[in-house]
Amino acid sequence: MKYDFSQWRLIMKVIVTGGAGFIGSNFIFYMMKKHPDYEIICLDKLTYAGNLSTLKSVLDKPNFKFVKLDICDRDGVYKLFEEEKPDVVVNFAAESHVDRSIENPTIFLETNIIGTSVLMDACRKYGIKRFHQVSTDEVYGDLPLDRPDLFFHEDTPLHTSSPYSSSKASADLLVGAYGRTYNLPVTISRCSNNYGPYQFPEKLIPLMIQRALNNEKLPVYGDGENVRDWLYVEDHCKAIDLILEKGKAGEIYNIGGHNEMHNIDIVKLICDYLDKPYSLIEHVTDRKGHDRRYAIDPDKIHKELGWLPETMFKDGIKKTIQWYLDNKEWWENIISGDYQNYYKEMYGDRKVLDKD
Ligand SMILES: Cc1cn([C@H]2C[C@H](O)[C@@H](COP(=O)(O)OP(=O)(O)O[C@H]3O[C@H](C)C(=O)[C@H](O)[C@H]3O)O2)c(=O)[nH]c1=O
């Protein structure tokens, strides 16, 4: 940390891991706008889901630096910490797609668990003011559809369904253990489903937008009645910034959008906005172990830090669809070539279910 004596401000150096991905890049944009005096270092391995072109608006800013690095690369991470001496680390780096974790769990365990421990070891070795772990509501498992009165709380037991959520829950446990055993100043946030600009089009909302625009079939898993709680990505970024500023070390904060929707209704809404027929919708074989309903109670972060989601879904989804319409080049580039083949291989043989 440095002082800017001309204005008596603290200049924080923040490492954002996974900053070329969806939520990480939005967090970088949010932080650079909100704290123009902070130094931001983006550490990213640039997997299929991370894209340097996403960061083009900040790449040449004097207070921004991009480092291509895998969080599992212990030597590389230690070297970076030794050189940069960050004040804060926010860990967004993760393999995040549930379907991929069902096909190949190993990389999820490596990046999400081992990678997190490498980062925290570096924090122990070089010192840190805060290590923040970005986690997910999927660590709580799911809730039944017929109990709308039930919500996840921070003390809801961990009860995971997929290799992805198990890897995130394992990382959360490790973060808690490093906090207790090594006195590392850690915080954890667990968010619901994010949507907004720069989301890789393998996730429900951008996938359906992109496929609808191309007049391709829209594959809804199972009956489509599964419920997710949608959170506009900028609201999420604001919550994390608040946790860094005012959250207490050792605490967990749930971040939800208070906006539960059935998958099928989201897909129909996207068809409506894009003026596409529902006949594009195809019910296909369900995801294995598919969680039925996620619902977060954001009471703690509201009461303790004053955070509430600000973006109404009807506005957020309009902005998001418009963003994908305006930024066709971005998503066309990232889904071209290898990804098309991968998608066909992964999803090509999903059985179409009979219409009800
Ligand atoms: C890709 C796809 C998804 N779905 C269904 C499956 C889910 O019930 C829902 C959302 O799926 P998606 O894969 O976009 O997101 P989740 O599995 O809910 O998980 C997401 O939100 C949490 C918080 C994270 O932590 C994950 O990292 C993030 O990927 O739509 C379909 O019906 N068809 C499709 O083609």
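Residues numbered from 1 in each chain as written. Predicted model: local features only at pLDDT ≥ 70, side-chain atom pairs only at ≥ 80, totals over all residues. Heavy atoms only, no water.

Student: Pulling in residues and values, what's your account of the packing of aromatic side chains?
Tutor: Scanning all chains against the criterion turns up 15 aromatic pairs. Centroid distance Trp323 to Trp330: 5.3 Å. Interplanar angle 70 degrees. Geometry classified as edge-to-face. Considered together, Trp323 and Trp330 belong to a single accessibility category, that of buried residues. An aromatic cluster is defined as three or more aromatic residues linked by ring pairs; in this entry it consists of Phe29, Tyr198, Trp323, Tyr324 and Trp330. (Phe/Tyr/Trp six-rings, centres within 6.5 Å; stacked < 30°, edge-to-face > 60°. Buried < 20%, exposed > 50% of the residue type's maximum accessible area, 1.4 Å probe, protein only.)

Student: With reference to specific residues and values, describe the packing of helix 2 (residues 74-84) against helix 4 (residues 106-126).
Tutor: One way to put it is that helix 2 packs onto helix 4 with a least axis distance of 10 Å and a crossing angle of 35 degrees. Where helix 2 crosses over helix 4, the two elements pack in a sense that is right-handed. Where helix 2 approaches helix 4, its residues Arg74, Val77, Tyr78, Phe81 and Glu82 are matched on the opposing element by Val118, Leu119, Asp121, Ala122, Cys123, Lys125 and Tyr126. Grouping the constituent residues of the contact of helix 2 with helix 4 by class yields eight nonpolar, no polar and four charged. (Axes fitted to C-alpha atoms, helices over the stretch in contact; angles between N-to-C directions. Helix = DSSP H or I, 4+ residues; strand = E, 2+ residues; numbered from the N terminus. Left-handed = near helix turned anticlockwise from the far one by under 90°. Contact = heavy atoms within 4.5 Å. Nonpolar A, V, L, I, M, F, W, Y, C, P; charged D, E, K, R; others polar.)

Student: Describe the pattern of salt bridges, naming the residues involved and giving the relevant values.
Tutor: What the rule picks out here adds up to 21 salt bridges. One salt bridge in this structure joins Asp99 and Arg287, with 2.6 Å as the shortest N-O distance. Remark: Arg287 occurs in the loop between strand 14 (281-284) and helix 9 (299-305) and Asp99 occurs in helix 3 (residues 98-103); sequence separation between them is 188 residues. We note a salt bridge from Glu310 to Lys238, for which the minimum N-O separation is 2.5 Å. Here Glu310 is found in the loop between helix 9 and helix 10 (313-326), whereas its partner Lys238 is found in helix 7 (residues 233-246), with 72 residues between them in sequence. Ionic contacts of the salt-bridge type, sharing partners, join the residues Lys13, Glu39, Lys65 and Glu84 into one network. (Salt bridge = Lys/Arg side-chain N within 4 Å of Asp/Glu carboxyl O.)

Student: Go over the pairing of strand 3 (residues 13-17), please, and point to the residues and values.
Tutor: By the criterion of burial, strand 3 is predominantly enclosed, with five of the five residues buried. Burial along strand 3 is two-sided: Lys13, Ile15 and Thr17 facing one way and Val14 and Val16 facing the other are all buried. Since strand 3 and strand 4 (residues 39-44) lie parallel, the crossover through helix 1 (residues 22-34) that links them has a hand, and here it is right-handed. In the sheet, strand 3 pairs with strand 6 (residues 88-91) via four bridges, with the strands oriented parallel. Opposite Ile15, over in strand 6, you have Val89 as the bridge partner. (Right-handed = clockwise from strand over helix to strand, strands pointing away. Pairing = 2+ DSSP bridges.)

Student: For helix 7, give the residues involved together with the corresponding values.
Tutor: Owing to its 3.6 residues per turn, the α-helix brings residues three or four apart onto one side. The terminal C-alpha atoms of helix 7 lie 20 Å apart, and with 14 residues this matches the ideal 20 Å at 1.5 Å per residue to within 8%. Extensive coverage of helix 7 is indicated by the burial of ten of its 14 residues. For helix 7, the set of buried residues is Val233, Asp235, His236, Cys237, Ala239, Ile240, Asp241, Leu242, Ile243 and Leu244. (Expected span 1.5 Å × (residues − 1).)

Student: Can you break down the side chain of Asp99 residue by residue, with the values?
Tutor: Exposure remark for Asp99: the relative accessible area of 4% places this residue in the buried category. Among the polar contacts made by the side chain of Asp99, one reaches the side chain of Arg287 at a distance of 2.6 Å. For Asp99, the residues in contact, after removing those within four places along its chain, are Tyr221, Arg287, Met346, Tyr347 and Arg350. (Polar contact = N/O pair within 3.5 Å; in protein donor to acceptor, adjacent residues only side chain to side chain.)

Student: Which residues make up the confidence of the model for the protein, and what values go with them?
Tutor: Looking at the protein as a whole, its pLDDT mean stands at 95, while 97% of the residues score no less than 70. Confidence estimates for the predicted assembly give a pTM of 0.96 and an ipTM of 0.99. (pLDDT = per-residue confidence, 0-100.)

Student: Can you lay out the sheet that holds strand 9 (residues 193-195) for me, pointing to particular residues and giving the numbers?
Tutor: Strand order in the open sheet formed by three strands is 9-11-13, and the pairing between neighbours is mixed. One side of each edge strand has no neighbouring strand; the edge strands of this open sheet are strand 9 and strand 13 (260-262). Averaged over neighbouring strand pairs, the angle between their axes works out to 50 degrees when direction is ignored. Sheet topology places strand 9 next to strand 11 (residues 227-232); three bridges connect them, and they run parallel. Pairing of Tyr195 across the sheet is with Tyr232, part of strand 11. Of the strands in this sheet, strand 11 and strand 13 touch helix 8 (residues 263-274), which is tilted by about 80 degrees from strand 13.

Student: How would you explain the site of the ligand if you had to name every residue and give the values?
Tutor: Close to the ligand lie 24 residues; Glu138, Tyr164, Leu204, Arg287 and His290 are nearest. Side-chain polar atom of Asn193 to an oxygen atom of the ligand: 2.9 Å apart, as the coordinates give it. In this structure, Arg228 approaches the ligand through a side-chain N or O atom, which is 2.8 Å from an oxygen atom. When the ligand is considered free in solution it has 670 Å² of accessible area, and contact with the protein chains removes 95% of it. Contributing elements (two or more residues each) for the shell around the ligand: helix 6 (204-213) and strand 10 (218-221). In terms of residue class, the shell around the ligand is made up of ten nonpolar, eight polar and six charged. (Near = heavy atom within 4 Å. Areas by Shrake-Rupley, 256 points an atom, 1.4 Å probe, with all protein chains shown as cover.)

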